[in-house]
Each structure stands twice: as structure tokens, then as C-alpha cells.
Amino acid sequence: MPADPSLLKSLQQGGYILYVRHGDATVGADSPSINFNDCSTQRNLSEAGRSQAVSYGNALRQLHIPVQVPVVASPFCRTKETAELAFGAGNVRTDPFWVRIYQLGGSVPPAQQEAVLQALSAQLEIPPPPGTNKVIMAHSFPPGVGLGEIKSVGTVVIKPKGQGNGYDIAGRFDLDELNSP
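One structure accompanies this document, and this report is about it. (Residues numbered from 1 in each chain as written. Predicted model: local features only at pLDDT ≥ 70, side-chain atom pairs only at ≥ 80, totals over all residues. Heavy atoms only, no water.)

Section: the environment of D176
Among the secondary structure elements, D176 is positioned in helix α6 (residues 175-179). For D176, a relative accessible area of 60% puts it in the exposed group. Along the sequence, D176 and S55 sit 121 residues apart, while their C-alpha atoms lie 9.8 Å from each other. (Helix = DSSP H or I, 4+ residues; strand = E, 2+ residues; numbered from the N terminus. Buried < 20%, exposed > 50% of the residue type's maximum accessible area, 1.4 Å probe, protein only.)

Below, the structure is given as C-alpha cells:
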């Protein structure tokens, strides 16, 4: 089923944040002593994940959806590589904040989870420059937390309402819906 045509038309005008989960990763787990500069200490993109990333970037370009560069990515190798394959290696900036979203998948005390979600709201309230969309390449959330579960290269479309005013979720789509005619 294709993505909502009216949503795609809105994205062509800009003003949204595309929160995207990285592509399919290899099986296994990240090392407890993860080093963001050493990809061998973490799960990395699988071949399918690399293909998803390229396909995602191509789909946005074919749909004429403007993207603000640099694209923001979590410092994990799998998120950086997804962003680089989709938008070009020179068009990605890592932001350590997004590691906090990844950490929500572990056992996080409620007060810490609340602090992370408040910080997330603050990030998602800021509109991108006119005529463009901000892309954040990061991680899924635990069920019922934050933006919820997100498939590989799935996208949550956020409409920022300005600092301190929150945001709306304008829609969601996955790669198959984006590539459907």
C-alpha cells in the first residue's frame, strides 16, 4: 500500500522532521563496552540494510522531498552508514543525544526515561528551515514509549509546533509504502 499521497505532498513543501530508524542490522548484540569509533563492537548494517538505505534516499529524491543537510544521525555505525548511503557521506552529522533513545530499550529508571522523553520533545519541537525537512537517523523505541516501535528504515513524520509547543505525528510510512506507486 503506498504512503499517504497528501502526506507526501506536504513533505514536498517542507516543515517536517523525518525520524527514521536505521536499516536492517546483523544479528547479535552490541558489545557492553561499545566504542562508536570501532564498528566491530556493535551490530552493523546487513546487506539488506545497505540496500534499504540506498533505496530510501532514492525514493525521497524521486518524490522531490527536500532534505536539510547535514542529516542528523546517532553515532552508531549502523545509523551513520544508513544516513550516508541514503544522503551521501559528506551530508551526515552525528549527534550523541540519539544514543539516549537507543538506551531506552534497556532497563532505564522511570525518572531517566521521562528526562529522555522531555529532551526528545524539545528536539522535535524545532521546525526545520522553510522549504526543507530535517532527517534524524536513529533507533526504534520500546513499545508504547516515545514514538513507539519503528520498522527498519521506517519513518515517523513529525510536524514541529515550535519550541515549547510540542509536536504532532503527521503520519508514518515504511520503505515499501514509500516505494509503492
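With respect to the nonpolar core
Within the largest apolar cluster, 24 residues are counted, with the highest numbers of intra-cluster contacts made by L11, L18, Y56, F87 and F173. Of all the elements in the fold, those that place two or more residues in this core are α1 (5-13), β1 (17-21), α2 (47-62), β2 (71-73), α3 (77-87), β4 (134-138) and α6. When sequence neighbours within four positions are dropped, the list of residues in contact with Y56 reads L18, V20, A86, F87, V153, T155, F173, L175 and L178. In this structure, W98, L124, I136 and F141 belong to the second largest nonpolar core, which totals 19 residues. (Core = buried A, V, L, I, M, F, W, Y, C linked by side-chain atoms within 4.5 Å. Contact = heavy atoms within 4.5 Å.)

As for the state of the cysteines
Applying the stated criterion across every chain yields a total of one disulfide. In this model, C39 is linked to C77 through a disulfide, with the two sulfur atoms separated by 2.0 Å. The sign of the -90° torsion about the S-S bond sets the C39-C77 disulfide as left-handed. Taken as a pair, C39 in the loop between β1 and α2 and C77 in helix α3 lie far apart in primary sequence, 38 residues in all. (Disulfide = S-S within 2.5 Å.)

Quick look at the sheet that holds β2
If you walk across this open sheet you meet the six strands as β3-β2-β4-β1-β5-β6, and the pairing is mixed. The outermost strands of the open sheet, each flanked by one partner alone, are β3 (92-94) and β6 (167-173). Direction aside, neighbouring strands of the sheet carry axes that sit 25° apart on average. As paired elements, β1 and strand β5 (residues 155-160) share four bridges and run antiparallel to each other. Its bridge partner lying in β5, V20 is registered against T155. (Pairing = 2+ DSSP bridges. Axes fitted to C-alpha atoms, helices over the stretch in contact; angles between N-to-C directions.)

Keep in mind these numbers describe shape, not what the thing actually does.
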